[in-house]
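Listed below, chain by chain, are the residues.
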Amino acid sequence: MRFWISCVVLWIGAVFLALSGANNYLFFAGFVVLQSIVLASAWNILGGYAGYVNFGVPAFIGAGAYAALMMHLAFAAPILLQIAVAGLITGLIGFLVGLLTVRLRGIFFSIATVALVFIFETLVMNTAYLGGATGMQLTRPESGGLFPSYMRMLVVVMTGLAILAVATARYVQESHIGRGLRAVRDSEEAAECSGVPTLKLKLLACALSGALLGAAGAPLPMYLSYIEPASTFNLLYAVSALAMPIIGGMSHWIGPVIGAIILASLQQIVTVTISSELNVLVVGLLLVVFVVAAPEGIVGLVKRWKSSSK
Amino acid sequence: MVFSFDLLLEAILFGILLGGFYAAVSLGLSVSFGLLDIPNVAHPAVLLLGAYGAFSLGHYGVDPILAGLLLMPVFFVAGALFYKSYYLIFERRGDAAAVNGLAFFFGIVFIIEVGLVIWYGVDQQSATAPYIGGSLELGEIRLPYRLLAAFSVAIVMALALSLYLSKTFYGRAIKAVGQDEGALRLMGVDPVRVKQLAFGIATGVNALAGAVLLILAPIEPTMDRIYIGRTFCVVVLAGLGSMSGTLAAGLILGIAESIVLMFLGASWAPAVAFGLLMVMLGFRPQGLFGR
Amino acid sequence: MEILLKVDQISKHFGGFTALNGVSLELKKGERLGLIGPNGSGKTTLINCISGALVNETGQILFRGKSIARMPAYQRTRLGIARSFQIPRPFRSMTVIENLLVPLSYVGGLTGKEAQSRAEDILKGMGLAAKMHQGCSQLSQVELRKMELARAMAADPQLLISDEAMAGLAGTEIDEVLAILHTLNQKGITIIMIEHIMQAVMSFSERVVCLDAGQIICEGTPAQVVADPYVQRAYLGD
């Protein structure tokens, strides 16, 4: 119950902030942090709970972004519809990739996600309607509905999306679905013999994760006012989506949130001063350091500190 | 596209030479992933390191192939040490660490790729050598010298490795360690040292293979991603752990890519590797020649 | 007496190797069947085909009258087939009681307090109640084996396959596990026991089947099977 109350409070807070006279920069930064929370939580549903490492997060983000773009260009669809359609499409993609690879070892799922990035990037670059290799400029609508600007409305929408992502992760974790996924991860054979429909659960995780990743990408064209393949199918998304849950902790839904807030804030501060490549390097190094030294992430460190100080 | 036999023949010959190269760059993975079951997605990234290493040595006037040979012992030692750390960190902790092992290797891929961008920049780099540029002419068909050079080195590497694995004691120990560690221990051989040796060899081979990559085409830091597709395609197509299968599989991929390149254009060629990989995984995951 | 399980001429190959070659078997409800045979004879392959870990290439398997050969393993468990593993496979990230909650929810559909109390009952019956909330790494070998059986029981089975549950255990520990299996059988559960410890198999089983090289070479009462020359040759060589 406390969880839902916090969510409602957060949502109301976001709305008030958006209606207030707060600095615009706050919203640009806030959007990135919120998007990171969605990405990290979505990644972790498949990575942390089921044990499948998605190395092609840019493919899902990109698919979501371009699906939203298509909805905008073809139907002038409102942002919520764009997000919904994007999520449906990427959920289906996640499901199909899973169908192809989850019966095999985990590494083949990961390689399939690398393949996806190639395929989508090539598809987009060859499709003039979506802007091709050079990309496309977009005009953001003037009005943000009830809000002073469209941008602020986007941030409120993103807040809602973040709440949805975290709530989904929390539900999966605490329900018997979460326990079933843990059983599959611990011993797939024993799980099957305990009545767990391992294939179905894995495919569910693939679909949920894919859908949320795409939904996170959907607002991108509107947020940036332009879209192009190179920055959408971007290495930084791939590293960050992996690093945030690992740094935060993969066993609990709060881990990705912690990792996202820390990493996204860090990057906001640091990108101003150093290049984006160095950014990726730092994130990559952090990822490796945590995997080696603190594989349970910050959540794990806190647990251990708590139990040792008793 | 005018279909002519000559063109097809050229595509096939080109594909065979290219395929030999693909087999060579996949040899290390055949050992580390095929035999030892290590989720080494960083293999193509290390390959690229070898290529850039040869490139840098080229600034001192060192011929690429020579550079590759010089780098082999360095890479070998690095690989052996790396495996020891990997073993201590991950394989001893047990099966809960499977995700972590994979995440670790992907982390290394990121670091290498972006490190190369920072150090060398995003532009393509090439090497110069007497056999780069210029081609052998057989009637209507032109085979670039660099491709022939690449193919020759590749064949020699493949043969050497294959012989080592089947004729020497430690070579056969490497083949055995993936299947039955217990038996090795009973013979007084430490499985961890054997795996270190194997991973060292897999990495060392990458140095020379990387130099060959440099000879063949201009290199740039994001190339490792397409090679993830190509190397894993070859290894899976071959059937995990089959050395001779690796050669055959490389040829198949090379010819397939070459034909697609000739008749459908360059933007479709990378899709062949990933596509073939997916098809194999869907219908015959044990590969064509596997155990 | 009702036939619970009917295995009819099943075969299984691995590449060129024939693991099972036309094996047929019938099991009555409530029976205690011992399955013996030298290493590599196909015992584990047979029960893997019955439990669904492997799919047989030819032949039929009927359980409670239904054909199950094409069913995925988890559906067979829900139908009433449970098993323990030769090398225990606990859910390491969970406590002992959480291990049982998995089949309780996925087979029995139990949740919350109901599931908790049922799990506690099963664990008490196995003598594991004290270690309920501990992690699996804190269990001894015999406790791990008992937990395997407890987890199989949590699936509320009609047929329980015990795959070398006593391997590597000492004398009193073997008796503990045997006693558990007897109690379960008295509650009406049909049991297939694979075991190398001959005394255990012989004292526990009503009927014994001996496999060798993928085929059944002898079937009968424990006394009959032990005296059979083919069985003796399979175990002791010529």
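Not measured: the values here are computed from a predicted model.

1. Here's the deal with the overall build of chain C
Thinking step 1. Counting secondary structure elements, chain C contains 9 helices and 10 strands.
Thinking step 2. A globule of 238 residues ought to have a C-alpha radius of gyration of about 18 Å, and chain C, at 18 Å, matches this closely.
Thinking step 3. In chain C, buried positions account for 45% of the 238 residues.
Thinking step 4. In chain C, once contacts between residues fewer than 6 apart in sequence are set aside, the share between residues at least 24 apart is 63%.

2. A word on the overall build of chain A
Thinking step 1. Looking only at helices and strands, one finds 15 helices and 2 strands in chain A.
Thinking step 2. The C-alpha atoms of chain A give a radius of gyration of 19 Å, which matches the 19 Å a tight globule of 310 residues would have.
Thinking step 3. Once the C-alpha set of chain A is aligned to its principal axes, its extents read approximately 55 × 45 × 40 Å.
Thinking step 4. Counting across all 310 residues of chain A, residues that qualify as buried make up 55%.
Thinking step 5. Long-range pairs, those at least 24 residues apart, make up 79% of the contacts in chain A with a sequence separation of at least 6.

3. Here we look at the pairing of strand β1 (residues 3-14) of chain C
Residue and element names in this part refer to chain C.
Thinking step 1. One ladder, built from 8 bridges, connects β1 with strand β2 (residues 17-28); its direction is antiparallel. Considered in β2, the bridge of F14 is made with F17.
Thinking step 2. Between β1 and β2, which pair antiparallel one after the other, the connecting turn spans 2 residues, and G15 there sits at a positive phi close to 65°.
Thinking step 3. Across 5 bridges, the pairing between β1 and strand β4 (residues 58-63) is antiparallel. Bridge pairing in β4 links D8 to Q60.

4. Looking at the nonpolar core
Thinking step 1. L287 of chain A together with F21 and V212 of chain B are the most contacted members of the largest nonpolar core, which has 289 residues in total.
Thinking step 2. When residues of this core are assigned to their parent elements, the largest contribution, 16 residues, is made by helix α8 (residues 191-216) of chain B.
Thinking step 3. Other than its neighbours up to four places away in sequence, L287 of chain A contacts V239, L242, A243 and I246 of chain A together with A103 and G107 of chain B.

5. Quick notes on the sheet that holds β4 of chain C
All names here are of chain C.
Thinking step 1. In spatial order, the strands read β2-β1-β4-β5; together these 4 strands make up an open sheet with antiparallel pairing. Whereas interior strands pair on both sides, the edge strands pair on one side only; in this sheet they are β2 and β5 (66-67).
Thinking step 2. Sheet contacts for helix α1 (residues 43-51): β1, β2 and β4; angle to β2, the most-contacted strand, approximately 65°.

6. Here's the deal with the packing of helix α2 (residues 24-47) of chain A against helix α12 (residues 235-248) of chain A
Residues and elements named next belong to chain A.
Thinking step 1. As a packed pair, α2 and α12 sit with axes 8 Å apart at the nearest point and diverge in direction by 75°. Between α2 and α12, the angle falls in the class roughly perpendicular. Residues S36, L39, A40, W43, N44 and G47 of α2 form the contact with α12, whose participating residues are S240, A241, M244, P245 and G248.
Thinking step 2. Residues that form the contact of α2 with α12 fall into these classes: 6 nonpolar, 5 polar and no charged.

7. Considering the packing of α12 of chain A against helix α4 (residues 98-120) of chain B
The description of two helices packed together rests on the angle between their axes and the distance between the axes.
Thinking step 1. Look at α12 of chain A against α4 of chain B: their axes get within 11 Å of each other, and the N-to-C directions meet at 140°. As for the relative orientation of α12 of chain A and α4 of chain B, their crossing is left-handed in sense. Contacts from L235, V239, L242 and I246 of chain A in α12 of chain A reach A103, F106 and F110 of chain B in α4 of chain B.
Thinking step 2. Taken together, the residues of the contact of α12 of chain A with α4 of chain B sort by class into 7 nonpolar, no polar and no charged.

8. Examining the interface of chain B and chain A
Thinking step 1. The interface of chain B with chain A comprises 31 residues on the first partner and 34 residues on the second.
Thinking step 2. Among the secondary structure elements, those contributing two or more residues to the side of chain B that touches chain A are α4, α9 (223-238) and α11 (269-283) of chain B.
Thinking step 3. With 15 residues, the top contributor of residues to the side of chain B that touches chain A is α4 of chain B.
Thinking step 4. Residues of the side of chain B that touches chain A, tallied by class, amount to 24 nonpolar, 6 polar and 1 charged.

9. Section: the confidence of the model for chain C
Residues and elements named next belong to chain C.
Thinking step 1. Taken over all residues, the pLDDT of chain C has a mean of 89, while the share at 70 or more is 99%.
Thinking step 2. Taking the mean pLDDT of every element in chain C, the minimum, 80, falls on helix α9 (residues 229-236) and the maximum, 94, on helix α2 (residues 73-79).
Thinking step 3. For this predicted complex, the interface confidence reaches an ipTM of 0.89, while the overall pTM sits at 0.88.

10. A closer look at the sheet that holds strand β9 (residues 207-212) of chain C
Residues and elements named next belong to chain C.
Thinking step 1. Pairing is mixed across the open sheet formed by 6 strands, whose spatial order is β6-β7-β8-β3-β9-β10. Either end of the sheet is taken by a strand with one partner, and the two such strands are β6 (81-83) and β10 (215-220). When strand polarity is set aside, the average angle formed by the axes of neighbouring strands in this sheet is 20°.
Thinking step 2. As paired elements, strand β3 (residues 32-36) and β9 share 4 bridges and run parallel to each other. Bridge pairing links L35 to V209 in β9.
Thinking step 3. The strands that α9 touches are β9 and β10; relative to β10, the one it contacts most, it runs at about 130°.

11. Quick look at the confidence of the model for chain A
Thinking step 1. Of the residues in chain A, 98% reach a pLDDT of 70 or more, and the chain-wide mean stands at 88.
Thinking step 2. Here helix α11 (residues 229-232) of chain A is the element of chain A with the lowest mean pLDDT, 84, and helix α9 (residues 198-217) of chain A is the one with the highest, 95.

12. A short note on the pairing of β3 of chain C
Residues and elements named next belong to chain C.
Thinking step 1. The buried fraction of β3 amounts to 5 of the 5 residues, a majority that puts the element mostly inside the structure.
Thinking step 2. Burial along β3 is two-sided: R32, G34 and I36 facing one way and L33 and L35 facing the other are all buried.
Thinking step 3. Bridge count for β3 against strand β8 (residues 190-194) is 4 bridges, and the pairing is parallel. Bridging across to β8, L33 finds its partner in I192.

13. A look at the environment of T128 of chain B
Thinking step 1. Structurally, the position occupied by T128 of chain B is in the loop between α4 and β1 (135-138).
Thinking step 2. The sequence separation of T128 of chain B and H59 of chain B amounts to 69 residues, and the corresponding C-alpha distance is 9.9 Å.

14. Focus: unusual backbone geometry
For residues besides glycine, phi is generally negative; the peptide bonds are generally trans as well.
Residue and element names in this part refer to chain C.
Thinking step 1. Positive phi outside glycine occurs at D156, with the angle close to 50°.
Thinking step 2. For D156, the location among the structural elements is in the loop between α5 (141-154) and β7 (159-163).
Thinking step 3. In this structure, A213 is a non-glycine residue whose phi angle is positive, near 50°.
Thinking step 4. On the neighbour-count criterion, A213 (15 C-beta atoms within 10 Å) is partly exposed.

15. Regarding α4 of chain B
Residues and elements named next belong to chain B.
Thinking step 1. Counted at 1.5 Å a residue, the expected span for α4 with its 23 residues is 33 Å, and the 33 Å between its end C-alpha atoms agrees.
Thinking step 2. Counting buried residues along α4, 18 of its 23 residues qualify, which places the element largely inside the surrounding structure.
Thinking step 3. Positive phi shows up at G121, right after α4, with a value of about 85°.

Calculation rules
Residues numbered from 1 in each chain as written. Chains lettered and ligands numbered in written order. Predicted model: local features only at pLDDT ≥ 70, side-chain atom pairs only at ≥ 80, totals over all residues. Helix = DSSP H or I, 4+ residues; strand = E, 2+ residues; numbered from the N terminus. Rg over C-alpha atoms; globule rule 2.2 N^0.38 Å. Buried ≥ 20, exposed ≤ 12 C-beta atoms within 10 Å, placed from the backbone. Contact = placed C-beta atoms within 7 Å. Pairing = 2+ DSSP bridges. Core = buried A, V, L, I, M, F, W, Y, C linked by C-beta atoms within 7 Å. Axes fitted to C-alpha atoms, helices over the stretch in contact; angles between N-to-C directions. Parallel < 35°, antiparallel > 145°, perpendicular 65-115°, else oblique. Nonpolar A, V, L, I, M, F, W, Y, C, P; charged D, E, K, R; others polar. Left-handed = near helix turned anticlockwise from the far one by under 90°. pLDDT = per-residue confidence, 0-100. Expected span 1.5 Å × (residues − 1).

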